[in-house]
Every structure is written in C-alpha cells, then in structure tokens.
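The primary structure of each chain is shown beneath.
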2 protein chains.
Amino acid sequence: MTTSIEPFDVVDLIRVKRSSGTLSTAQIDWLIDAYTRGYVADEQMSALTMAIFLNGMQRSEIRDLTLAMIASGETMSFDGLGRTTVDKHSTGGVGDKITLPLAPLVASFGVAVPQLSGRGLGHTGGTLDKLESIPGWQASLTNERMREILADEGAVICAAGTGLAPADAKLYALRDITGTVEAIPLIASSIMSKKIAEGTAALVLDVKFGSGAFIQDFTRAQELAHTMVDLGTDAGVRTSALLTDMSVPLGKTIGNALEVRESLETLSGGGPADIRELTVALAREMLAAAGQPDADVEAALDDGRAMDSWNRMIRAQGGDPEAPLPVAPHTHVVTAAESGYLIEQEALPFGIAAWRLGAGRARKQDPVMATAGIELHAKPGDQVTAGQPLFTLHSEDESRFGRALEAVEGAWSIGGTAPAPRSLVVERIS
Amino acid sequence: MTTSIEPFDVVDLIRVKRSSGTLSTAQIDWLIDAYTRGYVADEQMSALTMAIFLNGMQRSEIRDLTLAMIASGETMSFDGLGRTTVDKHSTGGVGDKITLPLAPLVASFGVAVPQLSGRGLGHTGGTLDKLESIPGWQASLTNERMREILADEGAVICAAGTGLAPADAKLYALRDITGTVEAIPLIASSIMSKKIAEGTAALVLDVKFGSGAFIQDFTRAQELAHTMVDLGTDAGVRTSALLTDMSVPLGKTIGNALEVRESLETLSGGGPADIRELTVALAREMLAAAGQPDADVEAALDDGRAMDSWNRMIRAQGGDPEAPLPVAPHTHVVTAAESGYLIEQEALPFGIAAWRLGAGRARKQDPVMATAGIELHAKPGDQVTAGQPLFTLHSEDESRFGRALEAVEGAWSIGGTAPAPRSLVVERIS
C-alpha cells in the first residue's frame, strides 16, 4: 500500500532477519545502497544489525553484504606495480606491533606490502599511533603517493582513505554505539570489504583469540577466520589465516614508542621470542602467497635487509629512523613479592592499564601519549626472584599510575611450578 | 574512562539484553528517562528493543519498564468521581467494534467507563475512526471535559492525550519503523503504562488470537494476557483478561460507518450473535470488577437502557445520534459459486480488503473513508445457495474493488458439511 518507488520495505527485511530468514542479493544490495543514501535510517539499521548479531547470516548473505559495501565506494588496483601485493590484517590485541617489523621484512623479498591501517580504540593499540611516535612520520598519504612508495620501497603503512567502502565506515560507527560490534558476519564483511576494495592479490589474516582479543572464544575466532577466508577466496584474493593466542601480551612492551623500540630490536635480529616467532610465521605465509614459499625470512631479520627496508619505508613518509624515540618522564616499577615462576600475565588487564596510562583513547577524537605504556620484564614461564622488577609503568602523568595498577591487580601470579608452555600459532586456515 | 556524569552507559545495557541478562530497576529507570531526554539515541534504543524482542524480559524488568514509562509523564485520577471506573482494552482485530456498544452498556449500570482510544493503522480498525463517521462527533477532549462527561454520562470514548506515558509514544513510534512491534514485553508495558497512568480502578483486557489478531498464536496471546494481568495487579488495578478468537471477522461488518450501524443494532437488542456474545461477556467481566457480578446486562441491551446511554454519550461529544450515517456510492457484490455450508472466512484477508477499500490507513497521517468496508451476508456455519450474495464491498472509489478482491481470494470456502462450531471466548485469566 506504500506509494514509494523503493523496491523493498526495510521493515520487511528486518522481519526476515528477526525470524532467522535469509536476505536475497537484491535485498542486500538495496539495503546497503539505501542506507548509504540515508533512505534507511540509523535506527532501522541498528535493529537489523542486532537481529543479525543474534540470529547470524548465511554465507551467501555475508558475501552479498561484503560486495554491497565494496560497491558503495571506490576500488583500487595494484596491477602494473611490477610487484606482487600481499596484505596482512590482524584482528588486534595487546602489544601487537607485528605489522611494524613484518611489512619491511616481507618487502625486502621484492613483494609489495600495502598496509592501510587504523588507530587504536579502547585497550587495543593502533599501528598508526605507534608509528606516529617516530619524529616526522606522517600517516596520511594520497592514493598516488601511496602507490609510489609501494613501487619504490615495497612497503607502506598509512591511514586508509575514506573512499573505500564508505557504507562500512557508516555501519561500523553505528555498531560501535549500539552494542553490535562483535557479530561475526559484520566483523568479517567489514574487514574484508576494505581489503577486497583495496585490490590486494593476496591476504594473510592474523585472527586472535584469548582475553586480549576482540573475539575471546577460540571457536568463534575460528568461525571468524573461516568466514573471512571464504570471503577472500570467493572474491579472488588468495587468503589464509593464522589463529594466534592473545591471552598474554605480545612481546615485552605495550604502548606506542615502547612498541616501536621493540620492533627495532626484532628488525635487528633480536627482540622477544614471541614477536620474532609470529613475525616469521606471518612473513612465511605472506611470501608463500606471493610465490616464494622457501624464502629465508630469518636470515633477512638477522643480516640487516629487513632493517634497511624499514629505514627506507620510514623515510619515505617523512620519518627520521635515526632520531631518538620519546621517553616518558615518569615510571613506576612493580616488583615480585615472592620467588618462583611467573604463571600468568593476562592480556586484557595489561591492555587496559596501558590505555589508562595514556597509550590508548576512549573516544575517537582523543590524542594518545607516545611515551605511555608498560614494559614487561618477565613473561609467563620465566623464573623470578622476590624483589626483582616484574614490570614498569610509563606515563607523562604520574597521577595515572594508581588506576593503571588497579587494572592489573590479580592479573599476574607467581607459583612454585612452571606453567605448561603455550603455542602461539594454533591453527592455519586456508 | 568516560567523563560523563550519567550513571550508566547504554551500550552496557544493550550488551546485557543481547546476552539474555536482566536489567536492574535503576538501569531501566535511567534508560527510559535518558531516552525521553534524548540522551539515549533512537538507534541505541532500537538495537535494545530488537535484543528484547529476541531474548525477552523478566517479569521484574517488564514491571520496571511499565513504571518508568508511567513516570515519564502525567498521571490521572478518577477519585472523587462518585462512580467506580472500569476500563476495557482490546488488542485489536478485524470488525472489532465492541467498544461502541460496550461502553454505554456498562455505563448504564452507574459505572464510569473511560475509553482513551486510538486510530487504526494497517488492517485493524480504530475506535475513533469508527465514531468519526457519526456527523458532528469530536474525538479530542480536554482532561477536564473528559472527566465532566464521565461524571455526567458514565461513558466517554476519546483520543488519549499526549501527557500520559510520553516515553511509550516515543518508543512505539520507533518500534513501528524498526520491526519490533510484536514483542510481548514491549506490547504489555506499552498498553499497561497508559492504562495505569490513566488511573482506572479496574481493567478488562480482550486479548485476541488467530489470523486477524496482532498476536496470532494462541500460546503467545496467553503469555501476553498473563503478562498484562500481572502488571495491572502489581500496580493495584483489578485486572482480568478474556482470550478471544479472532480467526474470523467479528460480526458482519468491517469498516467505519458500517460498524457503527452494526453497533446500533446490538444496542437495540439485535445485531450478530457473536457481537452480542462478546459484548455481554466483557460487560459482565467489567461489572463484576465494579462490584456488580449479578447485573443483568442482556436486559439493558433489550430494554433500551444501553441505547439511551449511547445517545447521551454521543451528544456529549457533539455527535448527532439521529443523523443518518454516510453510505458508500459504490458497491460490489460477491456471490456463492455453489451451494453448501460456508466453511471458512479468514479475518486477515478480509481486514486487508477493507483497508484497501479505504477503511484503514497505511501511514499515520492518511485519512480514512467513513463509508468504505465490507458487509458479510453469511458467516461460517451458515448454509448458502449458489448465486446468493456472500459479501458486499463498499467504497467511494470503484477502482479499489480489484485489489480488495485479490486480498480475499481463497479466504473463504464452501463445503458439503457444516464446520465444527468455534468458541469465541476461550479462556479467562485473572
């Protein structure tokens, strides 16, 4: 009985998902287009996303949603670059600075690594925030300049422009304020619409599980990984995923400049064992996707090739790789109350503590402190002696130590027997 | 980490309902207040209502929600009126004109019957739309004039003011466009917040099930009835409910002026058997709640007391009960193709057909045609002869007959054996 010329009524579409039905390709195409145009209102979209959150989506619907979001904006192409492109995406975690050593390492093998990255929100850090602690480094590039750096240096890490999948940006902002962020179909289509629109030939996903991850449950993380690998494969992008443990912080630093410092150690052939392990595993996966399954990535870390690649990448974006990194004026050391083995070190509380010290932001418009964060002097399995430093808090604002310490209360423990060693890379999905 | 002075974060509340948790009284009070103030946005409320639609609410939450919506506006009181007040609410159906004979009938026993009514939307008609087909009759009254008519005449049927439970009005408008109308906790709190705020001493609910009802499934209608009776009882309102069958149209007319005509027949002691049966059953229930369990309501229909009460009620609101009702300029008769028993007559298709003829509206701002609708010449169980008129369509616009006929295609059938008789009033809940 309506006189509208629109082909569908959004309330009918909401009813379909409300009762666990399946939307057609035409319905999803119309929905995303009508939402981008503003014909479908935010309150209608949020009811629909909650129904999707609770009732899920079929594989066909997730694919249609991803394609509709790609169609809402521009697409890029790296054809004619003269290098194979391989992108990597991590679902994010505490102390996850892997992109920093990984991109130049992989680029040192002649592969192009375009890393359109984001900023941190909440307890997980953002790659751009980390790199901005390097004096002079600029996150924003035009598409042309990005291509140029990619052709010349092989690696570029920069802010994603607003032209790719604008429907996703609008939908993500809505999900953020309506409690529907953690829905697997919506996460998968959000990530993959941008990666497919970007035009990469191959993609390696680092899908995290455990207390510091976005999706904490292993089975759900597995489902997310399968969903994204399917989406990439359906769209002609060679896609694989590693499921990695995020129940303890990655490496020994959390916080922007502190994580850059640790990345430089890794690029020099050193750094914490877990950072090197994950960097190497992801580099092998990316290079295999680029046709170099036998590349000796460890040698490139040890002989300086990865570091050379880093220096060129940083300079190309105005950064000075020789300049000293900023250091926090205030620190607070926490020592072991007893001797024994460090048993636990929970990622989420340490992530929240670093955030409270100033390393993260509560609202998108907030600035972050480059120097704030936490240095971990011991990792689970290490033997510690009473009185030995366990971790050091860093901040520009001493008054923040109290609330940071509250966050980590009970988040570590010392015991008489060593904990069982944990695997970092638990499963590969392709 | 937020700097807001609000005691809760709405995203946390959404997460609670998303995972089937229970909101506290303080959380619900804040939610409804913050939504009324505009601090909680429509898109947040719609995600929350979808989570409630799919995951339900505990009895304590439904009570808290109802009380919070009452607290969002003014409350009325009928104390000092000198009459006991009894209100009746129907969840709505096809051909449901029972309020029209019922209110004056009950008032004729000295009881006050305040009927704050609404307009129709979609296939169910609205009481005010029906009464507006009476020349001169006015739906809008001030609270003072409403009280005055109630004190003088005993019965008043008028538009609900905007002062009662404004949060409910805002929430209902949102649910209407976001596919969350049919959630039992939300329907129950919406209806009951207005009835409790109105200040009636007793309330009888006519909760319908079957194809023409809002809630078609019997078990869900039963759940709605129990939920509303509990809410009323908890708030000190004597509340009971009749569960009544709405799978065939009520009476022999659907449409505004046509239903007024049938109501007048009932008030004269005649009218279709089902209309009289339901009017009498609800009147007995209301009078029992008002302390007159033995009132002879049938006599009041047969001896003209109910009609006298009607005439006074209509005149008090500017209507002329003697004026002829408007009649449609165009009619279309559908006849029986064969002889036998009328087996089926589905309420929903006939409701949609009447709507398409002009009796109802698709959007709130649309007008309705007073004369449009359907007259049913036979009801299920009646014997019919081939060629005999089965029903007549009425409209001011001949071009509407085609789509109305499409709506009722297959909605009735004629067979060799009489269908089993159906009970109209199936259960009483108190």
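Structure's up top.
Counting of residues starts from 1 at the beginning of each chain's written sequence and follows it residue by residue. Written order decides the labels, with chains lettered from A and ligands numbered from 1. It should be noted that, the model being predicted, local features are given only for residues of pLDDT at least 70 and side-chain atom pairs only at 80 or more, the latter also being counted only at that level, while totals for whole chains, interfaces and linings use all residues. Computation of side-chain values covers all heavy atoms of the structure but excludes hydrogens and water.

K.L.:
Explanation requested: the pattern of salt bridges in the structure shown.
P.N.:
Pairs may arise between side chains of opposite charge once their charged atoms sit close together. For salt bridges, the criterion is a side-chain nitrogen of Lys or Arg within 4 Å of an Asp or Glu carboxyl oxygen. In the structure shown here, the tally under the stated rule is 60 salt bridges over all chains. Linking Asp33 of chain B and Arg37 of chain B is a salt bridge whose minimum nitrogen-to-oxygen distance equals 3.0 Å. In this pair, Asp33 of chain B and Arg37 of chain B are both assigned in helix α2 (residues 25–37), four residues apart and thus about one turn of the helix distant. Under the scheme applied here, a residue whose accessible area is under 20% of the maximum for its type counts as buried, over 50% as exposed, and between as partly exposed, the area being computed with a 1.4 Å probe on protein chains only. For Arg37 of chain B, a relative accessible area of 45% gives the class partly exposed. Residues participating in the shared-partner salt-bridge network are Asp12, Arg15 and Arg18 of chain A together with Glu182 of chain B. Here a helix means four or more residues in a row that DSSP labels H or I, a strand means two or more in a row labelled E, and each is numbered from the N terminus.

K.L.:
Would you mind showing me how to read the packing of aromatic side chains here?
P.N.:
Both the distance between ring centres and the angle between the ring planes are used here to describe each pair of aromatic rings. Stacked, edge-to-face and tilted are the three classes for Phe, Tyr and Trp ring pairs, Trp counted by its six-membered ring, which pair at centre distances within 6.5 Å; planes under 30 degrees apart are stacked, over 60 edge-to-face, the rest tilted. Under the definition given, this model contains 10 aromatic pairs over all chains. Ring geometry for Trp30 of chain B against Tyr39 of chain B: centres 6.2 Å apart, planes inclined by 70°, an arrangement best described as edge-to-face. Assessed through its relative accessible area of 42%, Tyr39 of chain B is described here as partly exposed. Through a chain of ring-to-ring contacts, the aromatic side chains of Phe8, Trp30 and Tyr39 of chain A assemble into a single cluster. Criterion for a charge above a ring: Lys NZ or Arg CZ within 6 Å of the ring centre, and within 35 degrees of the ring normal. Positioned above the aromatic ring of Tyr35 of chain A, the side-chain terminus of Lys170 of chain A is 4.3 Å from the ring centre.

K.L.:
What's the story with the environment of Pro367 of chain B in this structure? I'm lost.
P.N.:
Residues and elements named next belong to chain B. Mapping Pro367 onto the fold places it in the loop between α15 (347–359) and β9 (373–376). Given a relative accessible area of 70%, Pro367 falls into the exposed group. In this structure the C-alpha to C-alpha distance between Pro367 and Gly387, which are 20 residues apart in sequence, comes to 35 Å.

K.L.:
Just checking my understanding: could you explain the sheet that holds strand β11 (residues 389–395) of chain A for this structure?
P.N.:
The pairing of strands in a sheet comes from backbone hydrogen bonds and takes either a parallel or an antiparallel form. Residue and element names in this part refer to chain A. One requirement defines pairing of two strands: DSSP has to find at least two bridges between them. The strand order β6-β9-β11-β7 describes an open sheet built from four strands, whose pairing is antiparallel. If you trace the sheet from one side to the other, it starts and ends with β6 (253–254) and β7 (330–335), each paired once. Of the strand pairs in this sheet, β6 and strand β9 (residues 373–376) are connected by two bridges, and their pairing is antiparallel. Bridging across to β9, Ile254 finds its partner in Ile374.

K.L.:
Would you mind showing me how to read the sheet that holds strand β4 (residues 202–209) of chain B here?
P.N.:
Residues and elements named next belong to chain B. In space, the four strands of this open sheet follow the order β1-β4-β5-β13, with mixed pairing throughout. For this open sheet the edge positions go to β1 (86–90) and β13 (425–429), each flanked by a neighbour on one side alone. Along the sheet, successive strands turn relative to each other by an average axial angle of 20°, direction set aside. The pairing of β1 with β4 spans five bridges and is classified as parallel. In the sheet register, His89 faces β4, and the bridge partner there is Leu205. A contact between two residues is defined here by any heavy atoms of the two lying within 4.5 Å. The axes are straight lines fitted to the C-alpha atoms, using for helices just the contacting stretch, and the angles between their N-to-C directions are given from 0 to 180°. Set on the sheet, helix α12 (residues 273–289) makes contact with β1, β4, β5 (238–245) and β13; between it and β4 the angle comes to about 150°.

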